[in-house]
Amino acid sequence: MGNQKTAVITGSAQGIGKGIAKRLANDGFAIVLSDMNEEVLSATVKEFKEQNINVASFVGNVSIPEDQKELVQTAVKKFRSVDVFINNAGIEQVDPLVNVQPEELEKVFQVNVFGVLYGIQAAAEQMKKQEKGGKIINACSIAGHQAFSMLGTYSASKFAVRGFTQAAAQELAKDKITVNAYCPGIVGTGMWDRIDAGMVEYMGLKKGEAFKKFAEGIALGRTQEPEDVANFVSYLASPDSDYMTGQSIMIDGGIVYN
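Residues numbered from 1 in each chain as written. Predicted model: local features only at pLDDT ≥ 70, side-chain atom pairs only at ≥ 80, totals over all residues. Heavy atoms only, no water.

Draft legend 1. Main features of the overall build of the chain. For the chain, the count of helices and strands is eight helices and seven strands. Compactness check: the chain gives a C-alpha radius of gyration of 18 Å against a globular reference of 18 Å for 258 residues, within 12% of the reference. Across its three principal directions, the C-alpha atoms of the chain cover 55 × 40 × 35 Å. Considering the chain as a whole, with its 258 residues, one finds that 55% of them fall into the buried category. A fraction of 71% describes how many contacts in the chain between residues 6 or more apart in sequence connect residues 24 or more apart. When the accessible surface of the chain is totalled, it reaches about 12,300 Å², and 51% of it is carbon and sulfur. Each charge class in the chain can be summarised by its mean position, and for the 25 positive and 30 negative side chains these summaries are 6 Å apart. (Helix = DSSP H or I, 4+ residues; strand = E, 2+ residues; numbered from the N terminus. Rg over C-alpha atoms; globule rule 2.2 N^0.38 Å. Buried < 20%, exposed > 50% of the residue type's maximum accessible area, 1.4 Å probe, protein only. Contact = heavy atoms within 4.5 Å. Areas by Shrake-Rupley, 256 points an atom, 1.4 Å probe, with all protein chains shown as cover. Lys, Arg positive; Asp, Glu negative; His and termini not counted. Charge placed at Lys NZ, Arg CZ, Asp CG, Glu CD.)

This is how it looks when you write it as structure tokens:
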């Protein structure tokens, strides 16, 4: 276990984050799961331990800088280093832009934008101390490459993630820290259930219809699973991606092409 690398994943009690954590555990990483939902997090930790995964956990809010620093310190205390830090936590907002309220705007940006920056800061500080480089990986979205109707606030927050990814990659390159992002499309998780529900309200669709409508445009003919995203993040977390930095890559089955 002495040379085992450590991966920290925010928003990892369920959905894509959990899928990423499972894959990286299979890749040989010690895993630090972090989430705001203590109950679901505990259940995931129990499940991982039953699978003999070397796992630790931290209940925290990514939009609080002190929580992000404490998350990193939890990883260091338990596993001695942070080699990969994944800013996976994110929330959605479905609303016509003319209806967006200040508190909704603040909530989405606190998690999706501020949270990513605070994660980058906490991870970079630790990785610099370790003097052996590292990988910071951010959750972007196809909505960070192309804005979608009713998802304007979410799209804007993900465009910001691309900006942070590019700037951080340039600033941290001298420390051998790479910064990249993964941009999923339509994944059958709780987030898409909530997007679907929001679309139902504003577009006069029935439950499940918005999800189906969006999914029809996927070239590969199916919505994606958390594993599809996790397989790509595995590459970003591995030495194979050492020469890639500042990129926000789409993994969407063929929806957005740019």
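Draft legend 2. Fine view of the environment of A147. Looking at the secondary structure, you find A147 in the loop between β5 (134-139) and α5 (152-172). Residue class for A147 comes out exposed when judged on its relative accessible area of 51%. Between the C-alpha atoms of A147 and F159, which are 12 residues apart in sequence, the distance is 8.7 Å. When near neighbours in sequence (up to four residues on either side) are disregarded, A147 contacts S155 and F159.

Draft legend 3. Representation of the packing of aromatic side chains within the structure. Tallied over the full model, the rule gives two aromatic pairs. Above the face of the F159 ring, R162 is positioned so that its terminal group lies 6.0 Å from the ring centre. (Phe/Tyr/Trp six-rings, centres within 6.5 Å; stacked < 30°, edge-to-face > 60°. Lys NZ or Arg CZ within 6 Å of the ring centre and 35° of its normal.)

Draft legend 4. Quick peek at unusual backbone geometry. Of note, the phi angle at N52 is positive, near 60 degrees, even though the residue is not glycine. Note that N52 resides in the loop between α2 (38-50) and β3 (55-59). Residue M150 is not a glycine yet carries a positive backbone phi of 75 degrees. Under the relative-accessibility criterion, M150 is labelled buried at 13%.

Draft legend 5. Highlighting the nonpolar core. Membership of the largest hydrophobic core comes to 41 residues, with the highest contact counts inside it found for V82, F85, I136 and L172. Of all elements in the fold, only β2 (30-35), β3, α3 (65-79), α4 (102-130), α5, β6 (177-184) and α6 (190-203) reach the threshold of two or more residues within this core. Per-element tally for this core: the top contributor is α4, with six residues. Apart from the residues within four sequence positions on either side, L172 is in contact with I120, A124, K128, I136, I177 and V179. L24, A25, I86 and I137 belong to the second-largest nonpolar core, a separate cluster that totals 29 residues. (Core = buried A, V, L, I, M, F, W, Y, C linked by side-chain atoms within 4.5 Å.)

Draft legend 6. Representation of the UniProt feature "active site" (unreviewed entry) in the chain in the model. In the UniProt entry, the feature "active site" (unreviewed entry) is given for Y154. Considering the arrangement of structural elements, one finds Y154 in helix α5. (UniProt positions renumbered as here; feature names shortened; annotations may be inferred.)

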